Amino acid sequence: MKLFAMGGAQITGPLVFRRSFDPQDFLCEPELAAGFAYQQLRQLSAWDRYSGELLYQAVFMPELCLGGLALESPGDYFRLAALETLGEAEAEAVGRLGEGDDARRLLSAVWDIASAAVPGDAADRDRLFIILAAGYFLARSTPFERPISPREAAAAYRKRPIERDAGQWLQLRPGAVLPEAQDEPYRILLDERRRAALPDGEELSLCRLSAPRDAPIRLELYGGKYDDSPQRVLIAPGDYRYLTLAGGRPVHLHPIQAENGYCTMVRRGGELFTRMYGGEWSSAALERELVSFAPEQDGGGYIAVLPNGKLELSHYSLGRLPAVARRLRSGTAVEADIRGAACLVLLSDGTVVSNLADLHAGGLSRLDALPYMKRR
């Protein structure tokens, strides 16, 4: 019996499925994916029940799933035969979720991928669209978080996946880099040794990657030369991402989502969205770019690193305290985080400073390598 695997991991349960979801691996094994979803995911919620049923029908019974009709828009995902398998309350819940902006953005992105992957073939386009959209919904992920190009999608759908070493290694440097648009992802090799610790005498710097205004840039981040499960990242048209370089070598891609306690903060373009657990999203326009940011656990403020290495403390509740501001601004910053009430700032010399006077660390190239803070 063949094992279902994605992202280099055997899929044994819902958490592993969501953590290891890889759209290319998913499309290469739709039968295994549909069987797994039917057995282990569809009972989790009405949303999972609908997407799991839709995935199963699209893989094994496409004529039942589509009812002999061609889809006309991404929103048709919520008007297919699988809806009849739900109870009235479940159908209403799925309908409400389907009307949300996040679901619409996901479906629109997948529709564009499927349309470009199999142009001129409505039946295959619709089937690919349903399978891929169901996979993203079941994984609680999006094409922006785990991207796949139309060429990769077409090859995987036809079970002729593109070799993983396709693409171009991206050469980075301190400052700004503007890669040209291309169908294949650019590959970035993260330096294993420098990710573990910053060598003596080396400094940390920042590199800004930006996408052209009319096309996205796709990245594959490899944790080592033999990494067969790279992290896939999409930079939306006109958007940007920052990386930390150690001795000129990439070690860390700064995320555009940060969590602390019950607060989640997401940057999309020039806006910063904030939500407390179970609440509504609020947004604020940004006056400048952010390299790194982190919210306070009560959602009352945040700290951020600016491209010039300065800290943005005007939104941080303790930023007006002279002693705290002095400690946090004791050097050129490259990354910031807040863990509970502890605010951490990584400086260009590898030193970590905090709002807590007796916490200190050194020799680091990224904050996520720091599981705890060392006391002086």
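Because the structure is predicted, anything quoted here is derived from the model rather than measured. (Residues numbered from 1 in each chain as written. Predicted model: local features only at pLDDT ≥ 70, side-chain atom pairs only at ≥ 80, totals over all residues. Heavy atoms only, no water.)

## Points about the nonpolar core
One finds F17, F26, L27, L55, Y77 and F129 to be the most contacted residues of the largest nonpolar core, which totals 52 residues. Looking at this core, the elements with two or more residues in it are α1 (14-20), α2 (23-28), α3 (30-41), α4 (46-60), α7 (101-117), α8 (122-139) and α9 (150-157). The element contributing the most residues to this core is α8, with eleven residues. Setting aside residues up to four positions removed in sequence, F17 forms contacts with F4, M6, I11, F26, F36, L41, G135, L138 and A139. (Core = buried A, V, L, I, M, F, W, Y, C linked by side-chain atoms within 4.5 Å. Buried < 20%, exposed > 50% of the residue type's maximum accessible area, 1.4 Å probe, protein only. Helix = DSSP H or I, 4+ residues; strand = E, 2+ residues; numbered from the N terminus. Contact = heavy atoms within 4.5 Å.)

## Quick word on the environment of R104
One can find R104 in helix α7. In the structure, R104 is positioned 29 residues away from G75 in sequence and 7.3 Å away in space, judged by C-alpha atoms. Other than its neighbours up to four places away in sequence, R104 contacts G98 and E99.

## Looking at the sheet that holds strand β17 (residues 311-312)
Strand order in the open sheet made by the three strands is β15-β16-β17, with antiparallel pairing throughout. Where the open sheet ends on each side, the last strands, each with one partner, are β15 (292-295) and β17. Bridging between strand β16 (residues 302-305) and β17 involves two bridges; their strand directions are antiparallel. Pairing of A304 across the sheet is with E312, part of β17. (Pairing = 2+ DSSP bridges.)

## Side note on the pairing of strand β9 (residues 240-246)
Counting buried positions over the seven residues of β9 gives seven, a clear majority of the element. Going residue by residue along β9, you find Y240, Y242, T244 and A246 tucked away on one face and R241, L243 and L245 tucked away on the opposite face as well. Both strand β6 (residues 204-210) and β9 contribute to a ladder of seven bridges, which runs antiparallel. Opposite S210, over in β9, you have Y240 as the bridge partner. As paired strands, β9 and strand β10 (residues 249-253) are joined by four bridges and run antiparallel to one another. Within β10, the residue paired with A246 across the bridge is R249. Hairpin connection of β9 to β10: two residues between the antiparallel strands, including G247 at a positive phi of 60°.

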